[in-house]
Amino acid sequence: MSKTKLLFDLIMYVNSKRNFTAQDVADEFRVSVRTAHRYLMEISELGVPIYTEQGRNGGYRTLKNRVLPPVLFDENEALSIFFAFRSLAFYESLPFDTDIESASRKLLATLPEDTKRKINQLKTVLSFWNPKRGVSAPYLKELIEAAAESCIVRMEYQSKSGNKTKNAVPIGVYANDGLWYMPALDLEKRKIQLFRVDRILALIVTEQTCEVETGLMEWLQRYTVTSPVRLLVELTLEGVRECQSKPWYNPILLDNERENGIVGIIDTVIDRNEIAFTAAYFAQLGKAAKVHEPQEMIDQIRSHAQSLLDHYQ
C-alpha cells in the first residue's frame with residue numbers, strides 16, 4: 001500500500017472513531033506504534049482535528065465537530081448534491097446547524113470551471129421551491145437525536161385549546177410545504193400523534209427510553225382508517241387540477257364531460273376524524289368541487305358558507 005493511500009485510509013479510520021490509541025492504529029494498518037504516531041502527526045498537520053490525551057488510559061480523540069475526509073464526486077453526483085442543498089434553502093430552521101451557503105461554496109470551490117458554469121446556469125432555471133415561513137423550529141436537532149435513541153421527551157406544546165405539557169416519543173421529523181412535522185407516540189393517549197415542530201415552546205429530552213414499533217417511513221406510507229366514511233365529490237377541470245396536487249385525494253377523470261363542466265370525481269374512503277379538515281379543503285375550492293357524501297361534510301360546508309355571509313353583512 002502506498003503512503004498516500006495509507007494516509008487517506010487513516011483519515012477515514014480516525015473520522016469513524018471517537019477515541020483510539022496508537023496501538024489501535026498500528027494493529028489496524030500493520031505498522032509499528034512509532035510509525036502510527038508519525039502518521040497521526042502527518043494527518044493532524046493536514047487539518048484532521050485530533051488531539052492527544054495524556055495519562056495511563058490516554059490516547060487520541062477526535063473533535064465532535066470533526067472535518068470529513070475528501071471525497072471524490074463525478075459531475076452528476078456534484079450536481080445532485082448541490083441542488084439537494086438548494087432544496088433546503090427556503091427553510092427557516094435546519095437540523096445540525098446546517099449552513100447551506102457555506103456548504104454550497106465549499107462544494108463549488110472543488111469543481112472545475114465548466115461544471116461551475118453549468119451549475120450557475122441551472123440555478124436560473126431550476127428551483128426546489130417551498131413557501132418561505134416566518135416561523136422557526138429550534139428543537140430539530142434534539143428531536144432527531146431523541147428519535148434515533150427512542151428517548152422520551154417532555155415538551156410544552158402550543159395547541160388550539162392552549163399550551164399543554166406532553167410526554168412523547170418522537171419517531172422522526174419530516175419537512176413539508178416549508179414546515180417541519182414530528183410524528184410521536186403520545187404516552188398519555190398511547191397513539192402516534194402529529195405535532196408541528198415550530199409549535200414546541202420548550203423541550204426536555206429525558207434519559208428514559210421507550211421503543212415504538214412504527215418507524216417514520218412506515219408511518220408516512222401507512223394510513224389507517226379506523227372509522228370509514230365514503231367521500232364522493234364531483235370536480236370541474238379546475239377542481240381536478242387542484243386535487244391532483246394533493247396525493248391523498250387521487251381524482252379519477254371521466255370518459256365524458258358531464259353537465260355543469262364535471263370532468264372528474266373522487267370516490268374514496270376517509271376516516272371520520274378527517275371530515276372537518278376535508279370539508280374545509282373543499283369549501284375553499286368553491287364551485288370547482290361539489291361534495292355528495294357524506295352528509296355531515298355537506299352540512300359543515302353549508303355552515304361555513306353561511307358564517308361567511310353573516311360575517312360580511
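Throughout, residues of each chain are indexed from 1 in the direction in which the sequence is written. Where local features are concerned, this predicted model is filtered to residues with pLDDT of at least 70; where side-chain atom pairs are given and counted, the filter is 80 or more; whole-chain, interface and lining totals use all residues. Excluded from the side-chain calculation are hydrogens and water; included are all heavy atoms of the structure.

Caption draft 1: View of the overall build of the protein chain. Helix and strand assignments follow DSSP, with helices taken as H or I runs no shorter than four residues and strands as E runs no shorter than two, numbered in order from the N terminus. What the protein chain contains, in helices and strands, is 11 helices and 13 strands. Only the C-alpha atoms count toward the radius of gyration. The rule for a globule is 2.2 Å times the residue count to the power 0.38. For the protein chain, the C-alpha radius of gyration of 27 Å lies well beyond 20 Å, the compact-globule estimate for 313 residues. Principal-axis analysis of the C-alpha atoms places the extent of the protein chain at approximately 85 × 55 × 35 Å. For every residue, the accessible area obtained with a 1.4 Å probe (protein chains only) is divided by the maximum for its type, and the residue is called buried under 20%, exposed over 50%, and partly exposed between those limits. Across the 313 residues of the protein chain, 36% fall into the buried class.

Caption draft 2: Structural context of the nonpolar core. Here, the term nonpolar core denotes a set of buried Ala, Val, Leu, Ile, Met, Phe, Trp, Tyr and Cys residues that are joined through side-chain atoms within 4.5 Å. Counting 21 residues, the largest nonpolar core has Leu143, Trp180, Met182, Val197 and Ile200 as the members making the most contacts within it. Only helix 7 (140-149), strand 4 (151-159), strand 7 (179-186) and strand 9 (200-209) provide two or more residues apiece to this core. Of all the elements, strand 4 adds the most residues to this core, at four residues. Those residues in contact with methionine 182 that sit more than four places away from it in its chain are Leu143, Met155, Pro170, Gly172, Val173, Gln193, Leu194, Phe195, Val197 and Ile200. Counting residues in each nonpolar core, the second largest holds 20 residues, with Val229, Ile266, Ile275 and Ala289 among its members. We call two residues in contact when some of their heavy atoms are within 4.5 Å.

Caption draft 3: Local environment of the environment of tryptophan 180. Relative to the elements of secondary structure, tryptophan 180 occurs in strand 7. By relative accessible area, which is 12% here, tryptophan 180 ends up buried. When the C-alpha atoms of tryptophan 180 and tyrosine 91 are compared, they prove to be 8.9 Å apart, with 89 residues separating the residues in sequence. For the purposes of these results, a polar contact is taken to be a pair of N or O atoms within 3.5 Å, where, inside protein, one atom must be able to donate a hydrogen and its partner to accept one; residues adjacent in sequence count only when each atom of the pair is a side-chain atom. Reaching out from tryptophan 180, the side chain makes a polar contact with the backbone oxygen of serine 93 at a distance of 2.9 Å.

Caption draft 4: Inspection of the sheet that holds strand 12 (residues 264-271) at higher detail. Overall, antiparallel pairing links the four strands, which are arranged 11-12-10-13 in an open sheet. Of all the strands in the sheet, the pair left with one neighbour each is strand 11 (252-253) and strand 13 (289-293). Here, any two strands with at least 2 DSSP bridges between them count as paired. Taken together, the four bridges between strand 10 (residues 228-235) and strand 13 define a ladder with antiparallel strand orientation. Within strand 13, the position partnered with leucine 232 by the bridge is glutamate 293. Seen against the sheet, helix 10 (residues 275-284) touches strand 10, strand 12 and strand 13 and runs at an angle of roughly 5 degrees to strand 10. Between the N-to-C directions of two axes lies an angle of 0 to 180 degrees, each axis being a line fitted to C-alpha atoms and, for a helix, fitted only over the stretch in contact.

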